[in-house]
Amino acid sequence: MNRITIAVDGYSSCGKSTIAKDLAKTLKYTYIDSGAMYRAVTLYALEHNLFEGDYPNETVLKKQINQIHIDFRYNAATGKSDTFLNGENVEKEIRSMEVAGKVSPVAAIGFVREALVRQQQEMGKNKGIVMDGRDIGTVVFPDAELKIFVTARPEVRAHRRLAELAAKGENATFEEVLDNLTKRDLIDSTRKDGPLRQAEDAVVIDNSDLTVEEQNAIILKLFRDVK
Ligand code: DC
């Protein structure tokens, strides 16, 4: 059976990564979290004091973009892949509220997107990949055989993100989290390069009132229907 390319796009905190990870595990495909790559570039910019207020200094970042190496390595202890930035495990740091609050302006920069899209296309060149993000079905893999666009009500998404942060011992209020994801969605969907947009041939799933099991069953059926 030929392996295919699967693109999972959608709004912040609507469960894209749960869908993509579960599907990749079931199919024995590679899973790539493209958002982690934008977060890693943001962490790099923070660590190198490149931020001036809410925006990074683009001139300096552009000069350094080729020195930013991101890869994913399997962690046998957690059974998941961790994100590495220039050889250092940054999986925890890239999920912080600080990075979440700064990532959208970084992800809106054309040369950052160009560099990361190129790497993502390279990662998917042999197919057998599930990648989640915002522009996977539209820009990274426009020819993906299966495209899923995930959405959920903003309040549902804020509750999910809050629970995720709490599980990691990070404190945030519901209002802060809701505000962060609403702002990110606005920046992500209105930027010039690779905006968050549903591909014409994507299947939309609103999972506000679905359990993970119900959602996985729907998606597995979509996969089988492609073949
Ligand atoms: O999926 P996430 O929340 O980890 O993504 C972090 C940010 O990166 C998000 O604000 C949008 C951006 N992003 C993007 O612009 N393009 C992608 N393919 C993935 C994420």
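Residues numbered from 1 in each chain as written. Predicted model: local features only at pLDDT ≥ 70, side-chain atom pairs only at ≥ 80, totals over all residues. Heavy atoms only, no water.

**Considerations on the overall build of the protein chain**
Thinking step 1. Helix and strand counts for the protein chain come out as nine helices and 10 strands.
Thinking step 2. Here the C-alpha atoms of the protein chain give a radius of gyration of 17 Å, agreeing with the 17 Å that 2.2 N^0.38 yields for 227 residues.
Thinking step 3. Viewed in the frame of its principal axes, the protein chain has a C-alpha envelope of about 50 × 40 × 40 Å.
Thinking step 4. Counting the 227 residues in the protein chain, one finds 49% classified as buried.
Thinking step 5. Nonlocal contacts in the protein chain, meaning residues at least 24 apart in sequence, comprise 71% of its contacts between residues at least 6 apart.
Thinking step 6. Within the structure as shown, the protein chain displays about 11,600 Å² of accessible surface, and the carbon and sulfur contribution to it stands at 51%.
Thinking step 7. Across the protein chain, the mean location of the 32 positive side-chain charges is 4 Å away from that of the 35 negative side-chain charges. (Helix = DSSP H or I, 4+ residues; strand = E, 2+ residues; numbered from the N terminus. Rg over C-alpha atoms; globule rule 2.2 N^0.38 Å. Buried < 20%, exposed > 50% of the residue type's maximum accessible area, 1.4 Å probe, protein only. Contact = heavy atoms within 4.5 Å. Areas by Shrake-Rupley, 256 points an atom, 1.4 Å probe, with all protein chains shown as cover. Lys, Arg positive; Asp, Glu negative; His and termini not counted. Charge placed at Lys NZ, Arg CZ, Asp CG, Glu CD.)

**As for the pairing of strand E1 (residues 5-10)**
Thinking step 1. For E1, the buried fraction is high: six of the six residues fall into the buried class.
Thinking step 2. Side chains of E1 alternate between two faces, with Thr5, Ala7 and Asp9 and Ile6, Val8 and Gly10 buried alike.
Thinking step 3. Sheet topology note: the E1/strand E8 (residues 129-133) ladder contains five bridges and is parallel. When the sheet's bridge partners are listed, Ala7 is paired in E8 with Met131. (Pairing = 2+ DSSP bridges.)

**A word on the environment of Gly124**
Thinking step 1. Checked against the element boundaries, Gly124 lands in the loop between helix H5 (110-123) and E8.
Thinking step 2. Separated by 28 residues in sequence, Gly124 and Ala152 have C-alpha atoms that sit 27 Å apart.

**Considerations on helix H2 (residues 34-47)**
Thinking step 1. The terminal C-alpha atoms of H2 lie 20 Å apart, and with 14 residues this matches the ideal 20 Å at 1.5 Å per residue to within 8%.
Thinking step 2. Among the 14 residues of H2, 12 are classified as buried, and the element is accordingly described as predominantly covered.
Thinking step 3. N-capping of H2 is provided by Asp33, with a side-chain oxygen placed 3.1 Å from the backbone N of Gly35.
Thinking step 4. Once H2 ends, the next one or two residues include Asn49, with phi positive near 50°. (Expected span 1.5 Å × (residues − 1). Polar contact = N/O pair within 3.5 Å; in protein donor to acceptor, adjacent residues only side chain to side chain.)

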